[in-house]
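Coordinate analysis (summary)
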Amino acid sequence: MIWGQIALKNNKKFIFIALFVLFAVLSVKSALADVSVTLDSPINNTNSSNSSVLFNFTPSTNNTLMNCSLWGNFNGTWQLNKINSSILTNGTTNVFNLTTLNDSFFLWNVQCFDKESASNFSLSNFTINVDNTNPVVSINFPLNQSNLTGMSLLNAIVTDATTGVANVTFVVTNTSGDVNYVAENSSGSWINTTFNTTHFSDGQHNVTVIATDFAGNINNVETSTFNIDNTNPVVIINFPLNQSNLTGMSLLNATVTDATTGVFNVTFIVTNSSGNVNYVAENSSGSWNSTFNTSSFSDGQHNLTVIATDFAGNINNVETSTFNIDNTNPVVIINFPLNQSNLTG
């Protein structure tokens, strides 16, 4: 007190010097107590397919490092999750390990303290998407046991709730191996319209959808079995034969076969003077039949065409037969003996 009064009276500059020294000491102490944190990995915006995550960070301080804490919204709210005060190394990488993370989007950061209770977080939070679930795949086309011909569509709905779908590939089997078709995304419906079935042999094939999300999870178990058929049905007209003659009730008959997908329907078309008349055939072990009344047609030459369609939509409409309808009795004129005439010898 006495010294202060004397200093105040004798030299006001002395007070200024004392305050300056005090400020310098505090500044040095603050500098020595500076703490910084660098988040090393997982890098920001990481997608992880592992529920066990190592959070690596590097603390740095000019003072003694006391403890570091892992913060995050791992339980739904932003809070302190782990404290490490026993094994910490200043200026090198340190690790926090969480082993039971559910699928979700998380924020994380690390806060470190020195012995002077100075503390700091990393300059910004990092994000991590934990995704342990494979994408969900639903094949829309081709459906299982469906029949395809010509140009065809490959379509599936693929979703992934956490990280999203990265890519989708359709794998179609071939006799010489597999053919891959990279799909395009249209609002969650992954499609590829360049599937030409004529590049494949007729018969049974499989398509497998391989869907990968941004965390690297893969769904490759969804398959569909389908038949490719680019061959028209085979038609043999049994009745009426070409250049045959018909009268009264008559049979229409053809043997129709299709080796891959089978015969879907058969129609007999008979020409009429006023157009065509269709007769839907019934199947009896590959023999397709119908009946028609020739008296519904004028006498003369007519044509029969068989229209056969298989289950893939291929059509055979080139098999024909030409026949004659005659429902008029012969005209008879007796020339001799004349009616009521007399004969002898």
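Quick look at the structure, then. The model shown is predicted, which means the values in this text are computed figures rather than measured ones.

1. A word on the overall build of the protein chain
- For the protein chain, the helix and strand inventory stands at 2 helices and 27 strands.
- Here the C-alpha radius of gyration of the protein chain, 45 Å, is well above what a compact globule of 345 residues would show, namely 20 Å.
- Over its C-alpha atoms, taken along the principal directions, the protein chain stretches across nearly 190 × 35 × 30 Å.
- By residue count, 39% of the 345 residues in the protein chain fall in the buried class.
- Contacts in the protein chain between residues far apart in sequence, at least 24 positions, make up 64% of those at least 6 positions apart.
- Per element, the accessible surface of the protein chain, about 19700 Å² overall, is 54% carbon and sulfur.
- Considering the protein chain, the positive charge centre built from 6 side chains and the negative charge centre built from 19 side chains are found 73 Å apart.

2. A few points about the sheet that holds strand β21 (residues 249-257)
- Taken in spatial order, the 4 strands line up as β19-β21-β25-β24 in an open sheet, and their pairing is antiparallel. Of all the strands in the sheet, just β19 (234-239) and β24 (282-284) have a single pairing partner and so form its edges. Across the sheet, the mean angle from the axis of one strand to that of its neighbour is 30°, orientation sign disregarded.
- As paired strands, β24 and strand β25 (residues 287-293) are joined by 3 bridges and run antiparallel to one another. Across the sheet, residue Ser284 finds its bridge partner in β25, namely Ser287.

3. A short note on the side chain of Ser146
- When you line up the elements, Ser146 lands in strand β11 (residues 146-148).
- Looking at Ser146, the relative accessible area reads 15%, which means it is buried.
- Of the polar contacts made by the side chain of Ser146, one reaches the backbone oxygen of Leu143; its length is 2.6 Å.
- Leave out the neighbours within four places in its chain, and Ser146 touches Thr225, Phe226 and Asn227.

4. A few points about the nonpolar core
- Ranked by size, the top nonpolar core spans 21 residues in total, and within it Phe55, Phe57, Trp108 and Val110 carry the most contacts.
- When residues of this core are assigned to their parent elements, the largest contribution, 4 residues, is made by strand β7 (residues 104-114).

5. Quick word on the environment of Gly164
- Inspection of the secondary structure puts Gly164 in the loop between β12 (151-159) and β13 (165-174).
- Assessed through its relative accessible area of 19%, Gly164 is described here as buried.
- Taking the C-alpha atoms as reference points, Gly164 and Ile139, 25 residues apart in sequence, are found 18 Å from one another.
- If we ignore the near neighbours within four places in the chain, the residues touching Gly164 are Asp213 and Phe214.

6. Examining the packing of aromatic side chains
- Enumeration according to the criterion identifies 14 aromatic pairs in this entry.
- With 5.8 Å between their ring centres and 90° between their planes, Trp108 and Phe126 make a pair best called edge-to-face. Of this pair, Trp108 sits in strand β7 while Phe126 is found in strand β9 (residues 126-130), placing the two residues 18 residues apart along the sequence. For the pair shown, Trp108 and Phe126 are each scored as buried.
- Ring centres of Phe292 and Phe323 lie 6.2 Å apart, and the angle between their planes is 70°; this geometry places the pair in the edge-to-face category. Note that Phe292 is positioned in strand β25 and Phe323 in strand β27 (residues 315-325), a separation of 31 residues in sequence. Each of the two residues, Phe292 as well as Phe323, counts as buried.

7. Description of the pairing of strand β18 (residues 218-228)
- The sheet contact formed by β11 and β18 spans 3 bridges and is parallel. Bridging from a neighbouring strand, Leu148 pairs with Ile228 of β18.
- In the sheet, strand β17 (residues 203-213) pairs with β18 via 9 bridges, with the strands oriented antiparallel. Looking across to β18, one finds that Gln204 is bridged to Asn227.
- Counting the residues between successive antiparallel strands, the hairpin from β17 to β18 contains 4 residues, one of them, Gly216, with a positive phi of roughly 95°.

8. Notes on the side chain of Ser250
- By secondary structure assignment, the location of Ser250 is in strand β21.
- With sequence-adjacent residues up to four places away left out, Ser250 is seen in contact with Phe239, Ser290, Thr291, Phe292 and Thr294.

9. Describing the environment of Asn232
- Within the secondary structure, Asn232 is located in the loop between β18 and β19.
- Exposure remark for Asn232: the relative accessible area of 39% places this residue in the partly exposed category.
- Between the alpha carbons of Asn232 and Glu116 there is a distance of 89 Å; along the sequence they are 116 residues apart.
- Not counting chain neighbours up to four residues away, the residues in contact with Asn232 comprise Asp258, Asn314, Ile315 and Asn316.
- Polar side-chain contacts of Asn232 include one of 3.3 Å to the backbone oxygen of Ile315.

Parameters at a glance
Per chain, residue numbering runs from 1 following the sequence as it is written. Note on the predicted model: pLDDT of at least 70 is required for a residue's local features to be given, and 80 or more for side-chain atom pairs to be given and counted; whole-chain, interface and lining totals, by contrast, use all residues. Derived side-chain values reflect all non-hydrogen atoms in the structure, with water molecules and hydrogen atoms excluded from consideration. Secondary structure elements are taken from DSSP: a helix is a run of H or I of four residues or more, a strand is a run of E of two residues or more, and numbering for both begins at the N terminus. We compute the radius of gyration from the C-alpha atoms alone; for a globule the expected value is 2.2 Å times N to the 0.38, where N is the number of residues. Accessible area is worked out with a 1.4 Å probe on protein chains only. A residue is then buried under 20% of its type maximum, exposed over 50%, and partly exposed in between. We call two residues contacting when some pair of their heavy atoms lies within 4.5 Å. Computed with a 1.4 Å probe, the accessible areas rest on the Shrake-Rupley method; for each residue, only the protein chains presented here act as cover. This count recognises Lys and Arg as positive and Asp and Glu as negative, with His and chain-terminal groups excluded. Taken as the charge location is NZ of Lys, CZ of Arg, CG of Asp or CD of Glu. Two strands are said to pair when DSSP picks up at least two bridges between them. To obtain each axis, a line is fitted to C-alpha atoms, and for helices this fit is confined to the stretch in contact; angles are then taken between N-to-C directions over 0 to 180 degrees. Side-chain atoms alone can form a polar contact between residues adjacent in sequence; in general such a contact is a pair of N or O atoms within 3.5 Å, and within protein one must be able to donate a hydrogen while the other accepts it. In this text, buried Ala, Val, Leu, Ile, Met, Phe, Trp, Tyr and Cys residues form a nonpolar core when linked through side-chain atoms within 4.5 Å. Here a pair means two rings of Phe, Tyr or Trp (six-membered ring of Trp) with centres within 6.5 Å. Their orientation is stacked below 30 degrees between planes, edge-to-face above 60, and tilted elsewhere.

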